[in-house]
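Here's the letter readout for the chains.
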Protein chains: 2
Amino acid sequence: MKPGNDNGGHTADTPTPSARPPGRPRSREADEAILAAALDLLIERGAGWVSIEQVARRAGVTRATVYRRFPTLTDLLVRAVEWEYRDVEPGSLDRPDIDGMITEWAGHLSRPRARRLIRRLHGTVDDLPELLRAYEDAHGSHRGRAVRAALERARAAGQLPPGSDPEILQQMLSGAALQHLAAHPDTTGAEEVKAYFVAVLRQAGYRSGRP
Amino acid sequence: MKPGNDNGGHTADTPTPSARPPGRPRSREADEAILAAALDLLIERGAGWVSIEQVARRAGVTRATVYRRFPTLTDLLVRAVEWEYRDVEPGSLDRPDIDGMITEWAGHLSRPRARRLIRRLHGTVDDLPELLRAYEDAHGSHRGRAVRAALERARAAGQLPPGSDPEILQQMLSGAALQHLAAHPDTTGAEEVKAYFVAVLRQAGYRSGRP
């Protein structure tokens, strides 16, 4: 955890100006320490157990510093979820074929932290639906689009039956992921997760074009 | 909510002796009031927000009465989950074909209370895995067996491709249920839920034998 800068002043290791987005550069470090603390607490304990007090303590800032940047706990958690996926460009999720698409997704779902975060977001949907929506907007919807595109290409290439519906298959794969998150240990390796998705897709008539 | 009987004595509306299982009949009413209160709180607020104090207040008994019967909160919640499914005989989940099986499951998944309970059990899996296990033991495993049996019969009847794997298809349907619980409103009617499952199964080559 990076300790934050509570008084909003300059820190010792100031980033080079060119790397900085415009606006309040001095607050960057405190912002990131707060977001990282909120995200870690969300993953460890669940949204219901995160408080501004705990976030401030873990980030090494005062509560006032947190409130100044994030007026409510919900606002903070939503921003923390968005922040988690800040470096994943939507286009980077595209893969030329189903094999590549499943490999990428299986890699993601073999990371215990990612598994737990997705479970937390779903687990809090009755109390704080904003979090799952934030995930969908920041990441899930882009992933869904990339999966549908890969499924469409596979159908065109004859790897899926002509009557396949990429929209329904994509929802089916999302469901398969949730089922895996609920029923398989977080130590499951990427190859094993991939085999699970391949088995599901084979039920839908998927035949890999690879030898 | 039925008010409980705090002192363990007889209540006014004593059930007929023949309806009673052996053992501590006088405690039955208090037990059920406590279990019902725990279950309602679990569904409304989630396991993390249920306390013995709240359960006692809602059941109209003292905390000592709760502790006497359920030594820990986990024990109480596990028993409450088992209790929710006490009247569902495993055999009653059997259906002759896929259409009947989906109709039954869609009926269950169109009940907002059932939807929310299943979400709560999944939502608490990182903190209190005992609850999802209790559901699996008391109900989910029987449902899974009934679904696999219906899928096997459908395959034998030619309604599913010969290469279908009932085990994987059943996991796929469980996943589809989780996806529906996460992405569709709790006001979705049984017919609409059924159409969703039919659409998923059609991707797996399901062709109904019905006209």
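Residues numbered from 1 in each chain as written. Chains lettered and ligands numbered in written order. Predicted model: local features only at pLDDT ≥ 70, side-chain atom pairs only at ≥ 80, totals over all residues. Heavy atoms only, no water.

If you check an unreviewed UniProt entry, chain A appears there as TetR/AcrR family transcriptional regulator from Streptomyces aureoversilis.

Regarding the side chain of Arg-120 of chain A
Residues and elements named next belong to chain A. Mapping Arg-120 onto the fold places it in helix α6 (residues 112-123). On the basis of relative accessible area, Arg-120 is assigned to the buried category, the value being 5%. At a separation of 2.9 Å, a polar atom in the side chain of Arg-120 contacts the main-chain carbonyl oxygen of Glu-44. (Helix = DSSP H or I, 4+ residues; strand = E, 2+ residues; numbered from the N terminus. Buried < 20%, exposed > 50% of the residue type's maximum accessible area, 1.4 Å probe, protein only. Polar contact = N/O pair within 3.5 Å; in protein donor to acceptor, adjacent residues only side chain to side chain.)

Quick look at the layout of surface pockets
Reported here for the largest pocket is a volume of approximately 710 Å³. Lining the largest pocket are 32 residues; nearest its centre among them are His-122, Leu-132 and Glu-136 of chain A together with Gln-179 and Ala-183 of chain B. Contributions of two or more residues to the lining of the largest pocket are made by α6, α7 (129-156) and α8 (166-183) of chain A together with α8 (166-183) of chain B. Of the residues contributing to the lining of the largest pocket, the split by class is 15 nonpolar, 9 polar and 8 charged. Taken together, 29 residues make up the lining of the second largest pocket; nearest its centre are Gln-179 of chain A together with Glu-136, Gly-140, Gln-170 and Ser-174 of chain B. (1 Å grid on protein atoms, 1.4 Å probe; cavity = no way out; pocket = protein on both sides within 12 Å on 5 of 7 lines; lining within 4 Å. Points joined across faces, edges and corners; volume = space filled by probe spheres on them. Nonpolar A, V, L, I, M, F, W, Y, C, P; charged D, E, K, R; others polar.)

Things to note about the pattern of salt bridges
All chains considered together, the criterion is met by 32 salt bridges over all chains. Among the ionic pairs, Glu-84 of chain A bridges to Arg-113 of chain A, the shortest N-O distance being 3.5 Å. On the criterion of sequence distance, the pair formed by Glu-84 of chain A in helix α4 (residues 73-84) and Arg-113 of chain A in helix α6 is long-range, its members being 29 residues apart. Between Glu-53 of chain B and Arg-63 of chain B there is a salt bridge, with its nearest N and O atoms 3.4 Å apart. Separated by 10 residues along the polypeptide, Glu-53 of chain B in helix α2 (residues 52-59) and Arg-63 of chain B in helix α3 (residues 63-69) bring together distant segments of the chain. (Salt bridge = Lys/Arg side-chain N within 4 Å of Asp/Glu carboxyl O.)

Remarks on the interface of chain A and chain B
In this complex, chain A contributes 31 residues to the contact, which on the side of chain B involves 31 residues. Both faces combined, the contact of chain A with chain B buries some 2,400 Å², and carbon together with sulfur accounts for 54% of it. For the pair chain A and chain B, the interface holds 6 salt bridges. Note that Asp-126 of chain B is salt-bridged to Arg-119 of chain A, the shortest N-O span being 2.8 Å. Contributions of two or more residues to the side of chain A that touches chain B are made by α6, α8 and α9 (190-203) of chain A. At 10 residues, α8 of chain A tops the list of elements feeding residues into the side of chain A that touches chain B. Grouping the amino acids of the side of chain A that touches chain B by side-chain chemistry returns 13 nonpolar, 11 polar and 7 charged. (Contact = heavy atoms within 4.5 Å. Buried area = accessible area lost by both parts, 1.4 Å probe.)

Section: helix α5 (residues 98-109) of chain B
Note: α-helices contain 3.6 residues per turn, so residues at a spacing of three or four share the same orientation. Residues and elements named next belong to chain B. If you check α5, its first and last C-alpha atoms are 16 Å apart, about what 12 residues at 1.5 Å a residue would give, namely 16 Å. Across the 12 residues of α5, 9 count as buried, placing the element largely inside the fold. Among the residues of α5, those classed as buried are Ile-98, Asp-99, Gly-100, Met-101, Ile-102, Trp-105, Ala-106, His-108 and Leu-109. In this structure, the buried side of α5 is in contact with α6 (112-123), α7 (129-156), α8 and α9 (190-203). (Expected span 1.5 Å × (residues − 1).)

Focus: the UniProt feature "DNA-binding region" (unreviewed entry) in chain A
Feature annotation in UniProt places "DNA-binding region" (unreviewed entry) on residues 51-70 of chain A, given in this structure's numbering. Secondary structure within residues 51-70 of chain A divides into 75% helix and 0% strand; the distance between the first and last C-alpha atoms comes to 12 Å. (UniProt positions renumbered as here; feature names shortened; annotations may be inferred.)

Examining the relation of the copies chain A and chain B
Expressed as a screw transformation, the operator carrying chain A onto chain B has a rotation angle of 180 degrees and an axial translation of 0.0 Å, and the superposed copies differ by an RMSD of 0.0 Å. The operation mapping one copy onto its partner corresponds to a two-fold rotation axis. Residue by residue, 100% of the interface of chain A is reproduced at the interface of chain B, so both copies engage with the same surface. (Least-squares fit on C-alpha atoms with pLDDT ≥ 70 in both.)

Here's the deal with the side chain of Thr-188 of chain A
Take Thr-188 of chain A: it is sitting in the loop between α8 and α9. For Thr-188 of chain A, the side chain forms a polar contact with the main-chain oxygen of Pro-185 of chain A, separated by 2.5 Å.

Considering the environment of Leu-42 of chain B
All names here are of chain B. Mapped onto the fold, Leu-42 is located in helix α1 (residues 28-45). Residues Leu-42 and Ala-80, 38 residues apart in the sequence, show an inter-C-alpha distance of 9.1 Å. Among residues more than four places away in sequence, those in contact with Leu-42 are Ala-47, Val-50, Leu-77, Val-81, Leu-117, Arg-120, Leu-121 and Leu-131.

Considerations on the packing of aromatic side chains
Across all of its chains, the model carries 7 aromatic pairs over all chains by this definition. Look at Tyr-85 of chain A and Tyr-135 of chain A: their rings are 5.3 Å apart centre to centre, the planes differ by 70 degrees, and that puts the pair in the edge-to-face class. One end of the pair, Tyr-85 of chain A, is in the loop between α4 and α5 (98-108); the other, Tyr-135 of chain A, is in helix α7, and 50 residues separate them in sequence. Consider the rings of Tyr-196 of chain B and Phe-197 of chain B, whose centres lie 5.6 Å apart with planes at 80 degrees: the pair is edge-to-face. Each member of the aromatic cluster is reached from another via a ring pair, and the members are Trp-105, Tyr-196 and Phe-197 of chain A. Positioned above the aromatic ring of Trp-83 of chain A is the side chain of Arg-86 of chain A, whose terminal nitrogen or guanidinium carbon lies 3.9 Å from the ring centre. (Phe/Tyr/Trp six-rings, centres within 6.5 Å; stacked < 30°, edge-to-face > 60°. Lys NZ or Arg CZ within 6 Å of the ring centre and 35° of its normal.)

Quick look at empty space enclosed by the protein
Scanning the model with the defined rule gives 3 cavities of 30 Å³ or more in all. Here the largest cavity is characterised by a volume of approximately 220 Å³. What lines the largest cavity is a set of 16 residues, and nearest its centre among them are His-122 and Leu-178 of chain A together with His-122, Gly-123 and Leu-178 of chain B. Contributions of two or more residues to the lining of the largest cavity are made by α6 and α8 of chain A together with α6 and α8 of chain B. Taken as a whole, the second largest cavity encloses approximately 40 Å³ of empty space. Every residue along the wall of the second largest cavity is listed here: Leu-93, Met-101, Glu-104, Trp-105, Arg-143, Ala-146 and Val-147 of chain B. The set of elements that each furnish at least two residues to the lining of the second largest cavity consists of α5 and α7 of chain B. Split by residue class, the lining of the second largest cavity holds 5 nonpolar, no polar and 2 charged.

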